[in-house]
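Structural description and commentary
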Amino acid sequence: MATIELNNVKKVFGVDGAATEALININFSANKGEVIAITGPSGSGKSTFMKILGGILSATSGEIMINGLNYGDMNSKQQSRFRLDHIGFILQAYNLLPYLKVKDQFKLVDKVKKTGNMSADEWKQLAAELKVTNLMNKYPDELSGGQQQRVAILRALYTNPDIILADEPTAALDGQMAIKSMELLQELAHKQNKTVIVITHDARLLNYVDKNYRIVDGQGEFIDTDDDVLV
Ligand SMILES: Nc1ncnc2c1ncn2[C@@H]1O[C@H](COP(=O)(O)OP(=O)(O)OP(=O)(O)O)[C@@H](O)[C@H]1O
């Protein structure tokens, strides 16, 4: 069974004359243990696709199945709980809370999700790998973009999600750290059987993915990962 399945998904923003068809007819599936790149030109629908996948945005029509459950059948409370338990988001805006020091971002997670998070040892080890150990007493606005992005990766992985949705997770990182982060995501998929879906414009990262789902003008298809068509 696929972990994620989208059938005939459509998303229209606005109404009548002002309507934008961001996604026209999306059919997509992802399995456990896979890293899938989402590529395509600017404005083609990639972020919209990712938001629908993560339940941040609802589809205009179509079916979204995650871990065998129909997302559309859940009420908003069930959807929030499902997201917390199963999905790790690494978004462009880093989703760190501005009024909390880095270390307190994790304490907050412990309050809302009391079980199943990383152990203290796992957390320390990953923090060291991502080079964020010495940033724990800082507020997000005291960090560079790359530092915020690395903390956001740690924060997203802290809950041990089985699905990781990342919107350009390496955009603010230097080359070496970008590769290291992709290796980390690939390892999580291949060794821990997680599903990793990554929007990227960076051709180098295609070396770390199993499939490339390309979206153009709201329509998507799987293409060969050797075709490094990104824009
Ligand atoms: N909240 C919104 N309201 C109205 N239109 C929107 C909204 N969000 C996105 N769109 C439109 O939907 C289309 C797809 O946008 P989307 O952000 O998904 O593209 P993208 O492929 O992620 O682009 P980029 O690579 O530049 O981030 C665009 O035409 C965009 O203007």
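In what follows, the structure referred to is the one given above.
What comes next is a walk through the structure. (Residues numbered from 1 in each chain as written. Predicted model: local features only at pLDDT ≥ 70, side-chain atom pairs only at ≥ 80, totals over all residues.)

Taken together, Phe13, Gly14, Thr20, Ala22, Gly40, Ser42, Gly43, Ser44, Gly45, Lys46, Ser47 and Thr48 make up all the residues around the ligand. Those elements that place two or more of their residues in the shell around the ligand are β2 (20-30) and α1 (46-53). No other element matches α1, which puts three residues into the shell around the ligand. By residue class, the composition of the shell around the ligand is two nonpolar, nine polar and one charged. (Near = placed C-beta within 6 Å. Helix = DSSP H or I, 4+ residues; strand = E, 2+ residues; numbered from the N terminus. Nonpolar A, V, L, I, M, F, W, Y, C, P; charged D, E, K, R; others polar.)

So, about the sheet that holds strand β6 (residues 87-90). Taken in spatial order, the six strands make up an open sheet running β6-β7-β8-β3-β9-β10, and their pairing is mixed. Each edge of the sheet is formed by a strand with only one pairing partner; in this case those strands are β6 and β10 (219-223). Ignoring which end each strand starts from, the neighbouring axes of this sheet average 20° apart. Of the pairings in the sheet, the one linking strand β9 (residues 211-216) to β10 comprises five bridges and is antiparallel in character. Paired with Ile215 across the two strands is Gly220, which belongs to β10. (Pairing = 2+ DSSP bridges. Axes fitted to C-alpha atoms, helices over the stretch in contact; angles between N-to-C directions.)

The next subject is the packing of helix α3 (residues 102-112) against helix α5 (residues 145-158). Taken N-terminus to C-terminus, the directions of α3 and α5 make an angle of 15°; their axes are 10 Å apart at the nearest point. With respect to each other, α3 and α5 are oriented roughly parallel. In the packing of α3 onto α5, the handedness of the crossing is right-handed. Within the contact between the two elements, α3 uses Val102, Gln105, Phe106 and Val109 and α5 uses Val151, Arg155 and Tyr158. Residue composition of the contact of α3 with α5, grouped by class: five nonpolar, one polar and one charged. (Parallel < 35°, antiparallel > 145°, perpendicular 65-115°, else oblique. Left-handed = near helix turned anticlockwise from the far one by under 90°. Contact = placed C-beta atoms within 7 Å.)

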